[in-house]
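Breakdown of the fold
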Amino acid sequence: MPGGRLTEQDRRHIASGLAAGLDYAQIARRVGRPTSTVTREVARNGGPGDYRADLAQRATRRRARRRIATTPQRLSETTFGRDDEAVREFAEQFAALMVDSGLPRMAARVLASLFTADSGSATAAELTQRLRVSPASISKAVAYLDGLEVIRRAREGRRERYAVDDNVWFEAWSDSARTTNRWAEAAERGAEIFGATTPVGARLEHIGLFFARLGRDIAGGPVDTAAGEHALTVIAALVHAATPLTPEQLAAALDWPLDRVTSALHDADRHPDLADPVAVRGNEAGAYYVVARPDRLTTAQRRRLARNAS
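Thresholds applied
- Residues numbered from 1 in each chain as written.
- Predicted model: local features only at pLDDT ≥ 70, side-chain atom pairs only at ≥ 80, totals over all residues.
- Heavy atoms only, no water.
- Helix = DSSP H or I, 4+ residues; strand = E, 2+ residues; numbered from the N terminus.
- Polar contact = N/O pair within 3.5 Å; in protein donor to acceptor, adjacent residues only side chain to side chain.
- Buried < 20%, exposed > 50% of the residue type's maximum accessible area, 1.4 Å probe, protein only.
- Pairing = 2+ DSSP bridges.
- Axes fitted to C-alpha atoms, helices over the stretch in contact; angles between N-to-C directions.
- Patch = residues over 30% accessible without salt bridge, like charges linked within 9 Å, V, L, I, M, F, W, Y side chains within 5 Å.
- Areas by Shrake-Rupley, 256 points an atom, 1.4 Å probe, with all protein chains shown as cover.
- Salt bridge = Lys/Arg side-chain N within 4 Å of Asp/Glu carboxyl O.

Its location among the elements puts Ser119 in the loop between helix H6 (105-115) and strand E1 (121-123). Taking the C-alpha atoms as reference points, Ser119 and Val164, 45 residues apart in sequence, are found 9.2 Å from one another. Only 3.1 Å separates the side chain of Ser119 from the side chain of Ser121, close enough to count as a polar contact.

Among the structural elements, Ala242 can be located in the loop between helix H11 (225-241) and helix H12 (247-254). Ala242 gets classed as exposed once you look at its relative accessible area, which sits at 67%. Separated by 47 residues in the primary sequence, Ala242 and Tyr289 place their C-alpha atoms 7.5 Å from one another.

Pairing is antiparallel in the open sheet, where three strands are placed in the order E1-E3-E2. Edge positions in the sheet fall to E1 and strand E2 (151-156), since each has one partner strand and no second. Neighbour to neighbour, the strand axes of the sheet diverge by 25° on average, direction disregarded. Sheet topology places E2 next to strand E3 (residues 159-164); six bridges connect them, and they run antiparallel.

This paragraph deals with a nonpolar patch on the surface. On the surface, a nonpolar cluster with roughly 300 Å² of combined accessible area is contributed by Ile193, Phe194 and Val200. Here Ile193 lies in helix H9 (residues 168-194). With a relative accessible area of 69%, Ile193 lands in the exposed category.

Turning our eyes to something else, we now look at the pattern of salt bridges. In total, this model carries nine salt bridges according to the counting rule given. In this structure, Glu8 engages Arg12 in a salt bridge whose closest nitrogen and oxygen atoms are separated by 3.9 Å. Taken together, the residues Glu8 and Arg12, both in helix H1 (residues 8-19) and four residues apart, mark about one turn of the helix. On the accessibility criterion, Glu8 (36% relative accessible area) is partly exposed. Where Arg153 meets Asp146, a salt bridge forms, and the shortest distance between an N and an O atom there is 3.1 Å. Connected through shared salt-bridge partners, Glu126, Glu156, Arg159 and Arg161 make up one network.

Now the structure itself:
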């Protein structure tokens with residue numbers, strides 16, 4: 001179920017999808033999960049080339065047995081009738097996820113504590129009492145989180161209050177997309193320098209294609225079912241026409257409102273996985289057409305196909 005833990009069957013579907021050459025968005029649709037869940041699962045368990053469902057399942061069980069100790073004290077200022085044990089267990093699991101993602105243990109505990117406080121904030125003294133650690137440990141963790149810009153500091157009389165930044169996940173997602181795109185651009189540049197038909201160039205081109213696809217999956221975001229169907233209909237119309245068509249021509253041919261066609265074209269461009277293995281392109285005259293998706297074929301493959309066609 002979306003949002004729940006991945007099951008062993010989910011992991012088998014992920015492994016088979018990777019073996020079939022599917023991208024993360026396609027695999028996510030197969031298992032009914034967000035693309036980000038599949039991306040993290042694969043990255044955490046060896047990457048697309050070494051992912052194995054059985055090993056990933058065993059690793060998840062080992063991680064589940066590792067509990068980060070927290071105080072039996074209440075984690076939030078007001079309970080609202082909550083189960084304190086359930087709140088405490090969630091904070092442990094939340095912190096454990098952050099540790100698995102590379103965050104230092106104490107920084108993860110502090111961040112989890114802030115997230116599970118209704119105010120989203122705490123002073124150093126409150127964190128020390130809540131987590132039952134030394135003030136020095138809290139100071140070091142806060143400095144680390146402040147350096148990552150995931151918390152904010154505010155003066156409260158003679159004390160400082162630390163608050164979680166509500167935009168932290170959006171910023172992290174945006175940074176991840178930018179970093180992924182930089183990897184893709186660097187690899188593509190390297191492939192051009194070494195030559196796509198050389199061993200080094202071919203290796204770099206494959207790396208560039210992987211990161212380019214991952215970057216699009218990250219940046220694309222979700223698309224609802226109706227919008228996806230409209231985009232697919234427009235793509236099918238362009239394939240059938242086999243010639244560039246303007247939005248007005250598409251609207252007339254499909255008997256659709258013009259704004260539905262333009263929205264569908266926008267979605268097809270923003271979510272390239274919808275059109276896979278083709279891509280929608282526009283020309284200077286404002287007409288649209290479809291081409292083979294460039295990241296499905298390497299330079300060497302395109303050259304061989306061109307020779308066969310001639």
